[in-house]
Amino acid sequence: MGEKKFTGVNGSVESPALSADYEKARRFDKLRVGKLGVYFRDGLKLRFIRYDFIDRAFIRIHEVNGKMCCGNTVFQYFRLVLVHGGREYADVISEDENAMDEALALIHENAPSVAIGFENREK
């Protein structure tokens, strides 16, 4: 098996340890959470965000009101957001709330230094 090429926050990253971690990482819908960081597809790129770069991680719920032929309904999308220095570096969308909640819990387990949850700046 060849090494995979990842796109990190500072450009391309390749290493046998990273490829092995990606293969062993737990999959949560479109996201993988490994021991070294978080992996996800961004267009044609395979992105990697290492834990020591992440300051905060939280789930953003996006509701969409849909008009159907027989009435109205609400669709919910769940986004795992990874923040560094007040800037959002990753926003991975899923329709599976449990998958995103479990991914967030595993991120907290693997990197206890990452703050979990939304930060309210209105004080």
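What comes next is a walk through the structure. (Residues numbered from 1 in each chain as written. Predicted model: local features only at pLDDT ≥ 70, side-chain atom pairs only at ≥ 80, totals over all residues. Heavy atoms only, no water.)

1. Some words on the overall build of the protein chain
Inference 1: Regarding its fold elements, the protein chain presents two helices and 10 strands.
Inference 2: Secondary structure elements in the protein chain, listed N-terminal to C-terminal, are β-β-α-β-β-β-β-β-β-β-α-β.
Inference 3: The principal-axis extents of the C-alpha atoms in the protein chain amount to approximately 55 × 40 × 25 Å.
Inference 4: Expressed as a percentage of its 123 residues, the buried residues of the protein chain come to 35%.
Inference 5: In the protein chain, the proportion of contacts linking residues at least 24 apart, taken out of those at least 6 apart, comes to 42%.
Inference 6: Accessible area of the protein chain: about 7900 Å², with a carbon and sulfur share of 48%.
Inference 7: A distance of 4 Å separates the average location of the 19 positive side-chain charges in the protein chain from that of its 19 negative side-chain charges. (Helix = DSSP H or I, 4+ residues; strand = E, 2+ residues; numbered from the N terminus. Buried < 20%, exposed > 50% of the residue type's maximum accessible area, 1.4 Å probe, protein only. Contact = heavy atoms within 4.5 Å. Areas by Shrake-Rupley, 256 points an atom, 1.4 Å probe, with all protein chains shown as cover. Lys, Arg positive; Asp, Glu negative; His and termini not counted. Charge placed at Lys NZ, Arg CZ, Asp CG, Glu CD.)

2. Observations regarding the pattern of salt bridges
Inference 1: Under the definition given, this model contains six salt bridges.
Inference 2: In this structure, Asp 52 engages Arg 50 in a salt bridge whose closest nitrogen and oxygen atoms are separated by 2.6 Å.
Inference 3: Connected through shared salt-bridge partners, Arg 60, Arg 79, Glu 88 and Asp 91 make up one network. (Salt bridge = Lys/Arg side-chain N within 4 Å of Asp/Glu carboxyl O.)

3. A closer look at the nonpolar core
Inference 1: Ranked by size, the top nonpolar core spans 23 residues in total, and within it Leu 31, Val 33, Val 38, Leu 82 and Ile 107 carry the most contacts.
Inference 2: Elements with a minimum of two residues in this core: strand 4 (31-33), strand 5 (37-42), strand 8 (71-84), strand 9 (87-94) and helix 2 (97-110).
Inference 3: Tallying contributions element by element places helix 2 first for this core, with six residues.
Inference 4: Once residues within four sequence positions are removed from consideration, Val 33 is found in contact with Ala 25, Arg 26, Phe 28, Tyr 51, Ala 103, Leu 106, Ile 107 and Asn 110. (Core = buried A, V, L, I, M, F, W, Y, C linked by side-chain atoms within 4.5 Å.)

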